[in-house]
Amino acid sequence: MALFRAEGIQKRFGARVVLENITLSIEAGSVHGIMGPNGAGKTTCFHVLTGHHAPDAGRITFDGRDITGLKPHVIARLGVSRSFQMMNLFDDAVVIENVMLALPAFRAISGRPFRTSFGDSRLIEAALEVLDQVGLAERAWHNAKSLSYGDRRALEIAVALAAEPRILFLDEPTAGLGAKATQNLAQLIRRLRQRYTICLIEHDMRFLFELADRISVIHWGQVIAEGAPEALKANKWVARSALGEVA
Amino acid sequence: MITLSDIPPRGGAGFAGPMALFVLVLATLPLWIAPIGLYEYLGIEIAIWILFAMGFNLLFGYTGLHSFGHGAYLGIGAYAFGLFQQQVMVSLWGGLFCAITAALLAGAIVGAFLSHRRGIYYALLTIAFGQVFWFCAMKLHGITGGEDGLLGIPRPDLIIGAWRVDLNDNTNFYWFVAAIAALAVLALWRIVNAPFGRVLQAIRQNETRARFVGYDVWRWKWLAFTLSAGFAGLAGGLFAMAQQSAYPDVMSLHQSGLIVMMVLIGGGLVNFWGPVLGVVLYYIARDILGGLTEAWLLWYGLLFVIMVMVRPEGVAGLFHSLKQRLPRQASVTKPEQA
């Protein structure tokens, strides 16, 4: 059964229809890729799926539960976590605090105004464990701002992981990364897929075809093709659309 | 740019020193304030405004929500205290409780309208609500006494068990206010360094991120506003006692601007103690510059302009960068076990 489903999603901003009709079905334990040219509506699609925008039509279900139109924090608490294309970190805080803030155990005690935070070694250990998964444990006590671009990308994923998600939405995780860093990221995603269901937007087709079990191609706010990577390679529409030749 | 999060995440070392100094100064103030040419009532005013400014900074510096109408809650506290004494009964704790409750309630209602706004819209709404309360204070003659305000508000005695203290005596009243200010500072330190305060700071840094890791940002912003209004209410209640009156000017836009200016000059954006420095600096400027020239506000205003231009982090930021020039340890202390 699909863990996450979106049916007939439509989203307009004023007169502009950004998402015409999106239907996606993400199987538990799979890596689901989303590709398409610039401006196709991929990020808007993520925004709608994770609650940032409410859809104008359609239905979204997660683990059998209707989550259409719920607030982002409610969806996040159910186990839907995401990273952002434009990085979204707590820049004034140290690396480990970024992760701690996202831990459900931290959130659970955050309502008590007099609890001390950093004395709790269990929270620190849990945060270090998450950082270890993305290879940032050694930088835990550095300022988030002082990290290199690639490390900030990794931290972005770590924050999403810390929320203990069941499904992870990654918006263009390779954006701006060099070849070496992209390789490292591919390895990270291979490790993560053993524990999480993953949905990722990606421009780098080689990266995506290597990792994804299934890919949806979005163009003009619609899913124009969907299937396993091998099947899509043969599809001339896909090749041309990904290159931005279909206008 | 340095920010509030440069405070070491663990309480203790960074706090004990300044707090000890703060308590020492508060505790010895009546001994030296007259000999240096100032007067005891100034100490009372400073302690009350420290309380107001520190509570305000929970919202302004820590949560990053810019309220320019906070004088309203100071005023509501003052009126509530006065009305309680005059209409219900003469009681210190009853009056202060009433002042806090009224301000909390007003803050909760206004906060509900504000909390899904941010930036300039948030700021404008705070001004608008501030003006609404000020207008009510001016026009509701029957309740607030209009422009004259409430006069002759008593200072009830402090009664603890068999111990009775006459607060009409300025020294006694100073001790009382100073003790409350010290307790409030202690409480605020705990709050901002608890997970609670860390979430508020996270919201200042990135509302969207906070939302997507599961925080109900609206509720947190509302809580921060309500809480800081409560502190303002307490300060207002004490202010009504100090002045033995409550009048519309307390809640005017002018007062609201003043508190912002104090917090900014002191460095509330970068340091927990910033508001304290700002308040002290303001009152010293008022009394010392004011003794020299009637145009002291002009000089103070210029000081503010220069501050914003060359050192936007305020006085506390100045100390901070001086310290950073010295050989320093990491600004964040790592727990031993990690």
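In this text, all values refer to a predicted model and were calculated from it rather than measured experimentally. (Residues numbered from 1 in each chain as written. Chains lettered and ligands numbered in written order. Predicted model: local features only at pLDDT ≥ 70, side-chain atom pairs only at ≥ 80, totals over all residues. Heavy atoms only, no water.)

Regarding the overall build of chain A
Thought 1: When helices and strands are tallied, chain A shows 10 helices and 10 strands.
Thought 2: Computed over C-alpha atoms, the radius of gyration of chain A comes to 18 Å, within 12% of the 18 Å expected from 2.2 N^0.38 for 247 residues, which places it in the range of a compact globule.
Thought 3: Judged by the C-alpha coordinates and their principal axes, chain A covers about 55 × 40 × 35 Å.
Thought 4: For chain A, buried positions account for 54% of its 247 residues.
Thought 5: Counting only contacts in chain A whose residues sit at least 6 apart along the sequence, the fraction spanning at least 24 positions is 65%.
Thought 6: As displayed, chain A offers around 10500 Å² of accessible surface, 48% of which is attributable to carbon and sulfur atoms. (Helix = DSSP H or I, 4+ residues; strand = E, 2+ residues; numbered from the N terminus. Rg over C-alpha atoms; globule rule 2.2 N^0.38 Å. Buried < 20%, exposed > 50% of the residue type's maximum accessible area, 1.4 Å probe, protein only. Contact = heavy atoms within 4.5 Å. Areas by Shrake-Rupley, 256 points an atom, 1.4 Å probe, with all protein chains shown as cover.)

Concerning the side chain of Arg 155 of chain B
Residues and elements named next belong to chain B.
Thought 1: One can find Arg 155 in the loop between strand 1 (150–151) and strand 2 (158–160).
Thought 2: No salt bridge is formed by the buried Arg 155; the nearest opposite charge belongs to Asp 166, separated by 7.6 Å.
Thought 3: Side-chain polar atoms of Arg 155 contact the side chain of Asn 170, separated by 3.0 Å.
Thought 4: There is a polar contact of 3.0 Å between the side chain of Arg 155 and the backbone oxygen of Ala 242.
Thought 5: Contacts of Arg 155, omitting those with residues within four sequence positions, involve Tyr 41, Leu 167, Asn 168, Asn 170, Phe 173, Met 241, Ala 242 and Gln 244. (Lys, Arg positive; Asp, Glu negative; His and termini not counted. Salt bridge = Lys/Arg side-chain N within 4 Å of Asp/Glu carboxyl O. Polar contact = N/O pair within 3.5 Å; in protein donor to acceptor, adjacent residues only side chain to side chain.)

Considerations on the confidence of the model for chain B
Residue and element names in this part refer to chain B.
Thought 1: Taken residue by residue, chain B gives an average pLDDT of 88. The fraction at 70 or more is 91%.
Thought 2: Note on residues 6–13: pLDDT is under 50 here. Beyond four places in sequence and across chains, it has 22 contacts.
Thought 3: This model gives residues 328–333 a pLDDT under 50, and the stretch forms 9 contacts once residues within four places in sequence are excluded. (pLDDT = per-residue confidence, 0-100.)

Observations regarding helix 5 (residues 121–133) of chain A
Think of an α-helix as 3.6 residues a turn; residues three or four steps apart then line up on the same face.
Residues and elements named next belong to chain A.
Thought 1: In this model helix 5 runs 18 Å from its N-terminal to its C-terminal C-alpha over 13 residues, within 8% of the 18 Å that 1.5 Å per residue would give.
Thought 2: What helix 5 keeps buried is the set Leu 123, Ile 124, Ala 127, Val 130, Leu 131 and Gln 133.
Thought 3: Of the residues flanking the end of helix 5, it is Gly 135, one or two places downstream, whose phi is positive at about 80 degrees. (Expected span 1.5 Å × (residues − 1).)

Thoughts on a nonpolar patch on the surface
All names here are of chain B.
Thought 1: On the surface, Leu 298, Trp 299, Leu 302, Val 305, Ile 306, Met 309 and Val 310 cluster together into a nonpolar patch covering about 730 Å² of accessible area.
Thought 2: With respect to the helices, strands and loops of the structure, Trp 299 is situated in helix 13 (residues 296–310).
Thought 3: Relative accessible area serves as the criterion here: at 46%, Trp 299 is assigned to the partly exposed category. (Patch = residues over 30% accessible without salt bridge, like charges linked within 9 Å, V, L, I, M, F, W, Y side chains within 5 Å.)

Quick word on the nonpolar core
Thought 1: Leu 155 of chain A together with Trp 49, Tyr 73 and Phe 272 of chain B are the most contacted members of the largest nonpolar core, which has 158 residues in total.
Thought 2: Here this core takes 17 residues from helix 2 (residues 40–62) of chain B, the largest share from any one element.
Thought 3: If we ignore the near neighbours within four places in the chain, the residues touching Tyr 73 of chain B are Ala 103, Ala 106, Gly 107, Val 110, Phe 133, Phe 225, Ala 229, Ala 232 and Gly 233 of chain B. (Core = buried A, V, L, I, M, F, W, Y, C linked by side-chain atoms within 4.5 Å.)

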